[in-house]
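# Close look at the chain arrangement
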Amino acid sequence: MALLRGVWGVLNALGKSGADLCAGCGSRLRSPFSFAYVPKWFSSSLTGYPKKPMTSYVRFSKEQLPIFKAQNPDAKNSELIKKIAKLWRELPDSEKKIYEDAYRADWQAYKEEMSRVQEQLTPSQIVSLEKEIMQKRLKKKALIKKRELTMLGKPKRPRSAYNIFIAERFQETRDGTSQVKLKAINENWKNLSNSQKQVYIQLAKDDKIRYYNEMKSWEEQMMEVGREDLIRRSVKYPAKSEPEKL
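Please read all numbers here as calculations on a predicted model, not as lab measurements.

Thresholds, definitions, all that
- Residues numbered from 1 in each chain as written.
- Predicted model: local features only at pLDDT ≥ 70, side-chain atom pairs only at ≥ 80, totals over all residues.
- Heavy atoms only, no water.
- Helix = DSSP H or I, 4+ residues; strand = E, 2+ residues; numbered from the N terminus.
- Contact = heavy atoms within 4.5 Å.
- Areas by Shrake-Rupley, 256 points an atom, 1.4 Å probe, with all protein chains shown as cover.
- Patch = residues over 30% accessible without salt bridge, like charges linked within 9 Å, V, L, I, M, F, W, Y side chains within 5 Å.
- Salt bridge = Lys/Arg side-chain N within 4 Å of Asp/Glu carboxyl O.
- Lys, Arg positive; Asp, Glu negative; His and termini not counted.
- Charge placed at Lys NZ, Arg CZ, Asp CG, Glu CD.
- Buried < 20%, exposed > 50% of the residue type's maximum accessible area, 1.4 Å probe, protein only.
- Axes fitted to C-alpha atoms, helices over the stretch in contact; angles between N-to-C directions.
- Left-handed = near helix turned anticlockwise from the far one by under 90°.
- Nonpolar A, V, L, I, M, F, W, Y, C, P; charged D, E, K, R; others polar.
- Expected span 1.5 Å × (residues − 1).
- Phe/Tyr/Trp six-rings, centres within 6.5 Å; stacked < 30°, edge-to-face > 60°.
- Parallel < 35°, antiparallel > 145°, perpendicular 65-115°, else oblique.
- Core = buried A, V, L, I, M, F, W, Y, C linked by side-chain atoms within 4.5 Å.
- Domains from an automatic or database assignment.

## Topic: the overall build of the chain
- Along the chain, the regular secondary structure elements total 9 helices and 0 strands.
- Walking the chain from its N terminus toward its C terminus, one meets helices and strands in the order α-α-α-α-α-α-α-α-α.
- Of all intrachain contacts in the chain linking residues separated by at least 6 positions in sequence, the fraction that spans at least 24 positions is 75%.
- Accessible surface, the chain as shown: approximately 16,100 Å² in total, 55% of it carbon and sulfur.

## Some points on a positive patch on the surface
- Taken together, the side chains of K51, K139, K140 and R147 define a basic patch exposed on the protein surface.
- For K139, the location among the structural elements is in helix α6 (residues 123–151).
- Relative accessible area serves as the criterion here: at 72%, K139 is assigned to the exposed category.

## Remarks on the packing of helix α3 (residues 56–71) against helix α5 (residues 93–119)
- It is the contact of α3 with α5, at a shortest axis distance of 8 Å, that shows an interaxial angle of 115°. For the element pair α3 and α5, the recorded crossing hand is right-handed. Across the interface between the two elements, S56, R59, F60, E63 and Q64 of α3 pack against Y99, E100, A102, Y103 and D106 of α5.
- Here the contact of α3 with α5 is built from residues that sort into 4 nonpolar, 2 polar and 4 charged.

## Considering helix α9 (residues 194–224)
- The end-to-end C-alpha separation of α9 is 45 Å, in line with the 45 Å expected for 31 residues at 1.5 Å each.
- Where α9 terminates, the next one or two residues include G226, which has phi positive at roughly 80°.

## A closer look at helix α4 (residues 77–90)
- Given a rise of 1.5 Å per residue, 14 residues ought to cover 20 Å, and the 20 Å separating the end C-alpha atoms of α4 matches this to within 8%.
- All buried positions along α4 are accounted for by S78, L80, I81, I84, A85, L87 and W88.
- Against the buried residues of α4 lie α3, α5, α6 and α9.

## Looking at the packing of aromatic side chains
- Per the counting criterion, the structure on display carries 10 aromatic pairs.
- An angle of 70° between the planes, with centres 5.8 Å apart, marks the rings of Y57 and W88 as edge-to-face. Taken together, the positions of Y57 in helix α3 and W88 in helix α4 put the pair 31 residues apart, joining distant regions of the chain.
- Between F60 and W88, the aromatic rings sit 5.0 Å apart at their centres with planes inclined by 50°, giving tilted as the arrangement.

## Looking at the pattern of salt bridges
- Summed over the entire model, instances satisfying the criterion amount to 11 salt bridges.
- The salt bridge partner of D101 is R104, with a shortest N-O separation of 2.4 Å. Within this pair, D101 and its partner R104 are both found in helix α5, separated by 3 residues, close to a single helical turn.
- Overall, the relative accessible area of 30% leaves D101 in the partly exposed class.
- For R104, a relative accessible area of 46% corresponds to the partly exposed category.
- One salt bridge in this structure joins R210 and D207, with 2.9 Å as the shortest N-O distance. Of this pair, R210 and D207 both sit in helix α9, separated by 3 residues, roughly a single helical turn.

## Thoughts on the packing of α4 against α9
- Remark: α4 packs on α9, axes separated minimally by 10 Å, with the N-to-C direction vectors making an angle of 25°. By the angle between their axes, α4 is roughly parallel relative to α9. The two elements α4 and α9 meet at a crossing, and its hand is left-handed. Residues S78, E79, I81, K82 and R89 of α4 form the contact with α9, whose own contacting residues are W218, Q221, M222 and E224.
- Residues belonging to the contact of α4 with α9 are distributed by class as follows: 3 nonpolar, 2 polar and 4 charged.

## Looking at the side chain of S56
- Its location among the elements puts S56 in helix α3.
- With residues near it in sequence (within four places) discarded, S56 still touches W88, Y99, E100 and Y103.

## A few points about the nonpolar core
- Residues Y57, F60, W218 and M222 are the most contacted members of the largest nonpolar core, which totals 22 residues.
- Of all the secondary-structure elements, those providing two or more residues to this core are α3, α4, α5, α6 and α9.
- Both domains that furnish three or more residues to this core are identified here as domain 1 (56–152) and domain 2 (161–230).
- Residues I185, W189, Y200 and A204 belong to the second largest nonpolar core, which totals 11 residues.

Treat this as a map of the structure, not an account of what it does.
Put into structure tokens, the structure is as follows:
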């Protein structure tokens, strides 16, 4: 449930309501009176359930991110998230309460809207709607998760030797991808000698080490912001001398 709440929180943060919240951000924190509740997040039709509101931290993070980006245009998202998390931890309880109250107000309106929608549906419509929602959620689950992890600055997975070779060849030609070209590159890879492939194999090993180090740092940051649900249960350490098939 924690992961689902986080996913919906980030999804909602990327919508219009999040943009509205960030409008006019010019100081460290916005005025408490700027949180006048307007339930723009709910659906006005019966084609789907209302969206869950942002949590207090997601709301705060979404509001502060444009400010930190403007102040640190070259910084990575992971670095900015760490700074925002530190600011959130140091925020007085009286100022945190502003965001917590806004979340509770949104959550109460969300529950009321859910009840209103369900009361207007017939049993058959409820079943059809639930099936439709489940299909959409399954289809968008991977995309939503990717957006969340991208926003949180999760490191990119390491590439294989073959993928590094392909990326290099496409960058050299710069005329886009195509099945014909991919087939030709695949043949080029097969025709490489073992010594030639060893260059890419070593690059892939280096990339694994890069990924491990960046993930270790990133997971420490996620622990600091209370996102233990994103921490890997088991960590595979990069092998020191692992033979790779050519």
